[in-house]
Amino acid sequence: MTSAAPFGTVLTAMVTPLREDGSVDLDGVQKVAKHLVEHGHDGLVVSGTTGESATTTVAEDAETLAAVRDAVGSTAKIVAGVGTNDTRTSVELALQAEKAGADGLLVVTPYYNKPGQRGIVEHFRSVAAATDVPVILYDVPGRTGSSIGFDAYREAIGFDTVVAVKEAAGDLARGTRLIDLGYAVYSGDDALNLAWLAHGAVGVISVAGHAAGDLLRTMVDAAAANDLATARQTYARMLPAIDAIMGVPNYGATTAKAALELLGVLDNRRVRQPLVALDEDEVAALRDGLTAAGLL
């Protein structure tokens, strides 16, 4: 691991709890934020993919961010997800997040409309230039349909506010080169967290952290201390939970919310369509994975 972690070292992309009528449950938001900080986290990502950002409104994102800040104060860095497939909306979200006191902005590659590399760079340029808030670029081609090319990364690191990458493309060799360019790299793939730490990542942005925050903290701290035996042992213990949360077709917000329900943090696992909540068989499989990891 390298030493410069601008947004903390253990972060989770928070879910956005919902009320029965489908509106955002701000009390639930604060419960989740407090739960994460109490279990190993020094950073939180709000309104990211796992926060169902594709189906939340600009106003809801503002309310959610404010609720998280009220819940955790200065005990954790707060990164606001502002990436959309519309640059104007992303700029609007960035300005809103800056006003709310976000410590960072997470900007995903525009999805669905699949811009070329020039379009991706110009999207990042516009969002980064809109505020003075540090930016994490987010590369997750499995969801967006396009990836950030190395030349685009080379150009974007020259933007004043771009400092980090959430890497979910699985390219460890390229990640090493990104570190050499000056990026702080965060693992965006729970299954590869240990590998990323060994390759110099400064930390993780997790989904499994909703249930396994304390184990993530142990693993990240052990890696930072060059205690790879402890880091590997902890990672191995987490694997059943990672597989249960991330290794099934209906994963992400669905499995994370169900895990929080099993842990008693939330009293439901509601998601917004087109997602559908886990059925009872899926919950049973999730329970087995969490139990095997010693989390239930």
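Residues numbered from 1 in each chain as written. Predicted model: local features only at pLDDT ≥ 70, side-chain atom pairs only at ≥ 80, totals over all residues. Heavy atoms only, no water.

- As annotated in an unreviewed UniProt entry, the protein carries the name 4-hydroxy-tetrahydrodipicolinate synthase and is attributed to Nocardioides terrae.
- Looking at the protein in UniProt, the text filed under Pathway (unreviewed entry) is "Amino-acid biosynthesis; L-lysine biosynthesis via DAP pathway; (S)-tetrahydrodipicolinate from L-aspartate: step 3/4."
- Heading Sequence similarities (unreviewed entry) of the UniProt record for the protein holds this comment: "Belongs to the DapA family." (UniProt positions renumbered as here; feature names shortened; annotations may be inferred.)

Points about empty space enclosed by the protein
Next up, step 1: Enumeration according to the criterion identifies 1 cavity of 30 Å³ or more in this entry.
Next up, step 2: Of the volumes computed, that of the largest cavity is approximately 70 Å³.
Next up, step 3: Lining the largest cavity are Val46, Ser47, Asp61, Leu65, Ala80, Gly81, Val82, Leu93, Gln96 and Ala97.
Next up, step 4: Those elements giving two or more residues to the lining of the largest cavity turn out to be helix 2 (58–72), strand 3 (77–81) and helix 3 (87–100).
Next up, step 5: Tallied by class, residues from the lining of the largest cavity come to 6 nonpolar, 3 polar and 1 charged. (1 Å grid on protein atoms, 1.4 Å probe; cavity = no way out; pocket = protein on both sides within 12 Å on 5 of 7 lines; lining within 4 Å. Points joined across faces, edges and corners; volume = space filled by probe spheres on them. Helix = DSSP H or I, 4+ residues; strand = E, 2+ residues; numbered from the N terminus. Nonpolar A, V, L, I, M, F, W, Y, C, P; charged D, E, K, R; others polar.)

As for the pairing of strand 7 (residues 184–187)
Next up, step 1: Side chains Ala184 and Tyr186 project from strand 7 onto one buried face, and the interleaved Val185 and Ser187 project onto a second face that is buried too.
Next up, step 2: Looking at chain direction, strand 6 (residues 162–167) and strand 7 are connected through 4 bridges and run parallel. Note that in strand 7 the partner of Val165 across the bridge is Val185.
Next up, step 3: The β-α-β motif built from strand 6, the intervening helix 7 (residues 172–181) and the parallel element strand 7 has right-handed crossover chirality. (Buried < 20%, exposed > 50% of the residue type's maximum accessible area, 1.4 Å probe, protein only. Pairing = 2+ DSSP bridges. Right-handed = clockwise from strand over helix to strand, strands pointing away.)

Examining the packing of helix 2 against helix 3
Next up, step 1: Where helix 2 meets helix 3, the closest approach of the two axes is 10 Å, and the angle between their N-to-C directions is 25°. One finds that helix 2 runs roughly parallel with respect to helix 3. Once helix 2 is placed against helix 3, the crossing between them reads as right-handed. Across from Val58, Asp61, Ala62 and Leu65 in helix 2, the residues of helix 3 making contact are Thr89, Glu92, Leu93, Gln96, Ala97 and Ala100.
Next up, step 2: Grouping the constituent residues of the contact of helix 2 with helix 3 by class yields 6 nonpolar, 2 polar and 2 charged. (Axes fitted to C-alpha atoms, helices over the stretch in contact; angles between N-to-C directions. Parallel < 35°, antiparallel > 145°, perpendicular 65-115°, else oblique. Left-handed = near helix turned anticlockwise from the far one by under 90°. Contact = heavy atoms within 4.5 Å.)

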